[in-house]
Amino acid sequence: KDSVNGIKDDKFFYLEDEMSQIRQSLGMYISKDQTDGAVHLFKEIFANSIDECNNNNTHWDKNKKEITVIFYESKRKIVVIDNGRGIPTDILVSVVMKKHASTKTMGLSESRNKKVTGLNGVGMTICAALTDYMYVTTYRGNHSKTIELIDGELKEYPNVKLKEFKTGTEIGIIPSEKYLGPINLTTDIIEDYIRNMSYILDPDITVTFIGEKNPEEKNDKKR
C-alpha cells in the first residue's frame, strides 16, 4: 500500500548481491573515491600481508618474512605477494566474495590483537567489488588455487598440486574508474605509502617494491 493511516513509506529495496551493496554504498566502506579510493584498495591487500607477517601460525621459509609490491603504472595494476600462510583453498571464494569472512578473527591473544590491521573481513570483498580486474592465488603447502574477478564476476580455477611445499598469497588488482571515478595512481604515491609504513613495521619484515612507470623504460625502483 502507498500509505497506512496517512503515513507514506519510501519504496523498500534490498541488494542481495555483495558487490552491489558495496558499490551502492561506497562511502560506508571506504569513504573515499578517485585516486584516494584506489590507494585505499592497495592498503587493504597490503594490510593483509602485514597481518600474515605478524601471525604466529605462519610457516616461514628460512625465517624470512617477506612482502613484495609490484606496481605497473601504465596499467594501473598493483600486485602484492607475501610468504605467509596463504588462504585455505576450500574457503578462498568465500573470503574474497563474502563480507565478514576471514581466517584471522577468532582466538586472538591480546598481544597479537594489537598488531592485527584488519578484523572485519571486508577488505578483500571491497577490492573485488571496486576493481576492473582482480586475481588471488593462494599457496597452501602442496596445493595452490587461483580465482579471477572481472568487474566482480567470478572465474574459479581448480586446485593445482605443487611439486614443492609453498605457502603465501599473491593478489593483483586494477582499481576501477567505473566505480571510483578518475584515478591518477603513480609509482611515487605507492612508494611513499610503503616508505611511511616502514617506520612502524616490525624490523624483521622485508618489503620489496618494484615500480614500473612505463613498460618501455628501464628505470624501475626497488626497495
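Everything below is about the structure shown above.
Criteria and cut-off values
- Residues numbered from 1 in each chain as written.
- Predicted model: local features only at pLDDT ≥ 70, side-chain atom pairs only at ≥ 80, totals over all residues.
- Heavy atoms only, no water.
- Helix = DSSP H or I, 4+ residues; strand = E, 2+ residues; numbered from the N terminus.
- Expected span 1.5 Å × (residues − 1).
- Buried < 20%, exposed > 50% of the residue type's maximum accessible area, 1.4 Å probe, protein only.
- Arc of directions from axis to C-beta.
- Phe/Tyr/Trp six-rings, centres within 6.5 Å; stacked < 30°, edge-to-face > 60°.
- Lys NZ or Arg CZ within 6 Å of the ring centre and 35° of its normal.

**A few points about helix α8 (residues 187-198)**
Item 1. Counted at 1.5 Å a residue, the expected span for α8 with its 12 residues is 16 Å, and the 17 Å between its end C-alpha atoms agrees.
Item 2. When α8 is considered as a whole, its buried residues turn out to be Thr187, Ile190, Glu191, Tyr193, Ile194 and Met197. Across the axial projection of α8, the buried residues extend over an arc of 160°, all falling on one side.

**Thoughts on helix α3 (residues 34-53)**
Item 1. The end-to-end C-alpha distance of α3, which contains 20 residues, comes to 30 Å, matching closely the 28 Å that a straight helix rising 1.5 Å per residue would cover.
Item 2. Counting buried residues in α3 gives 16 out of 20 residues, a clear majority hidden from the surface.

**Remarks on the packing of aromatic side chains**
Item 1. Per the counting criterion, the structure on display carries 4 aromatic pairs.
Item 2. With a centroid separation of 5.7 Å and an interplanar angle of 80°, the aromatic rings of phenylalanine 42 and tyrosine 193 are classed as edge-to-face. Separated by 151 residues along the polypeptide, phenylalanine 42 in helix α3 and tyrosine 193 in helix α8 bring together distant segments of the chain.
Item 3. With relative accessibility at 0%, the residue phenylalanine 42 sits in the buried group.
Item 4. Their ring planes at 40° and their centres at 6.3 Å tell us that tyrosine 133 and tyrosine 135 sit as a pair that is tilted.
Item 5. Residue tyrosine 133 is classed as buried on the basis of its relative accessible area of 19%.
Item 6. These aromatic residues form a ring-pair network of at least three members: Phe42, Phe46 and Tyr193.
Item 7. Taking the ring centre of tyrosine 72 as reference, the NZ or CZ of lysine 75 above it sits at 5.7 Å.

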